[in-house]
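A look at the structure
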Amino acid sequence: MASKKLRRAGVSQELCERLRRHHVESCKDLLSLTPLEVMRLAGLGHRRAVALLRSVSGHCAPPVTTLLELWKPTAESFFSTSLPALDDLLRGGLPLGTITEVAGPSGCGKTQMCLMLSILATLPRSLGGLDAGVVYIDTESAFSAERLVEMAQARFPQHFSSRERVLQMAGRVHVFRELTCQDVLNRLDRLEEDIISTKAGVVILDSVASVVRKEFDTTLPGNLTTRSNLLSLEASTLKYLAHQFNIPVVLTNQITTHPGGGGSGVPGEVDSGFVTAALGNTWSHTVNTRLIVQYADAHQRQIVIAKSPVAAYAVLNYTIQKEGICLGGEYDRLPRAKGTTKATTRSQSGEARDPGPQPIRVRTGFNYNLSKPVEADGDS
Ligand SMILES: Nc1ncnc2c1ncn2[C@@H]1O[C@H](COP(=O)(O)OP(=O)(O)OP(=O)(O)O)[C@@H](O)[C@H]1O
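In this report, the structure presented in the accompanying data block is examined. Note on numbering: residues in each chain are counted from 1, in written sequence order. Local features in this predicted model are restricted to residues whose pLDDT is 70 or higher, and side-chain atom pairs enter the listing and the counts only when it is 80 or higher, whereas totals over whole chains, interfaces and linings include all residues. Side-chain measures here rest on the full set of heavy atoms in the structure, leaving out hydrogens and waters.

**Looking at the site of the ligand**
- Taken together, 15 residues surround the ligand, and among them Ser-106, Gly-107, Lys-110, Thr-111 and Gln-112 come closest.
- Any N or O atom pair separated by 3.5 Å or less is treated as a polar contact, with the protein-specific requirement of one donor-capable and one acceptor-capable atom, and with residues adjacent in sequence counted only for side-chain atom pairs. Here Ser-106 contributes a side-chain N or O atom positioned 2.8 Å from an oxygen atom of the ligand.
- A distance of 3.2 Å is found between an oxygen atom of the ligand and a backbone nitrogen or oxygen belonging to Cys-108.
- Protein contact buries 66% of the 650 Å² of open area that the ligand shows by itself.
- Secondary structure follows DSSP: runs of H or I at least 4 residues long count as helices, runs of E at least 2 residues long count as strands, and numbering of each begins at the N terminus. At the level of elements, α7 (110-122), α8 (145-155) and β12 (314-321) are the ones that each hand at least two residues to the shell around the ligand.
- Looking at which element gives the most residues to the shell around the ligand, the answer is α7, with three residues.
- Put simply, Ala, Val, Leu, Ile, Met, Phe, Trp, Tyr, Cys and Pro go in the nonpolar bin, Asp, Glu, Lys and Arg in the charged bin, and everything else, Gly too, in the polar bin. Taken together, the residues of the shell around the ligand sort by class into three nonpolar, six polar and six charged. Any residue with at least one heavy atom within 4 Å of a molecule or strand is counted as near it. Exposure was quantified through the Shrake-Rupley algorithm and a 1.4 Å probe, taking into account, for residues, occlusion by the shown protein chains and nothing else.

**Quick look at the packing of helix α10 (residues 181-198) against helix α12 (residues 223-245)**
- One can describe the packing of α10 onto α12 by two numbers: an axis separation of 11 Å at closest approach and a directional angle of 10°. Viewed along their axes, α10 and α12 adopt a mutual orientation that is roughly parallel. The residues of α12 that touch α10, namely those facing Cys-181, Val-184, Leu-185, Leu-188, Leu-191, Glu-192, Ile-195 and Ile-196, are Leu-230, Leu-233, Glu-234, Thr-237, Leu-238, Tyr-240, Leu-241 and Phe-245.
- For the contact of α10 with α12, the per-class residue count stands at 13 nonpolar, one polar and two charged. To get an axis, fit a line to the C-alpha atoms, keeping to the stretch in contact for a helix; angles then go from 0 to 180 degrees between the N-to-C directions. Should an angle fall under 35 degrees it is taken as roughly parallel, and over 145 as roughly antiparallel, whereas 65 to 115 is taken as roughly perpendicular and any remaining angle as oblique. Contacts were defined at the residue level, with two residues in contact if any of their heavy atoms lie within 4.5 Å.

Here it is as structure tokens:
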């Protein structure tokens, strides 16, 4: 990808320094120049300037991969969530090299899931971990070190019985608090170096929606386009890094409601409409795997595998305990609810159009999350 830094594209330190003085730092910066400009800024002859452009261009070009190379369905292709039923459905866990989104209403457990995944990433491979660091980008000031340590000690009491191990784990989780869109963008710009320096095996962004929704009022003209451009930039950077380092990137997202019409037919239940992940249609297509967390009743919550290239639509019950997310009982491989199939619909002109993010039908009778106001972002 063109935002790759020049020094990661095989350019000598000395040349990088020389180009940096002219604000040429990334492959994109260099490849935007003419050979003549490269000659002048890098102090090279014509032949060497052209060779430099070719070589940098080669480093940016996506490599061709054969199916044979990709076809290694081993545990190494996945990051185990330590939740056996979820791992089972996802064929091993969260796929490496891709983006997984955890979306859901406030207080449902998205941050708890992120804290749990952070602990898992630091664990030795013998315990199902990645034996790696974590880059945790916190945009909501929701990260709690105390809760993370409590969860680690409760979930893996034997492993974290010694203080040394707890300290070792804590030292591997690198938290970056970024509270504005610009801060997040700046962080993503430096993320490649952060991943290398922290030896990160997972990147977590909790949450992608909060800063964006805070700063962009999408009812104002132009804001929706600016917001979409910003999200596309964030998504492309994260996708590139996930792929480049073959690590999972986990994002949290909020949900948005679409008013429904009519009842479900079940006595005592009122059909309140649809709940979908926020940030709109384009964003919805960006993530590779989408897990939706939602309230099932006053005690139970559910994880829904709403989108996955390898797993069928399924629902698992969970509770949040001292040790983090705990699954309960059997899980259902549910057929999609009526009206939520991934069908292509037609506009009035007869043109085929994408129906947008696939909704999950919720019932207010069980779904008290909807009694809490959820602002619509008008962006589907
Ligand atoms: N030590 C604990 N023991 C049991 N449950 C806990 C504990 N700590 C937090 N929880 C549960 O986790 C919930 C908060 O979850 P979390 O912070 O992950 O929400 P969230 O989905 O990230 O919400 P938001 O979108 O508002 O940030 C609490 O409401 C509580 O039910």
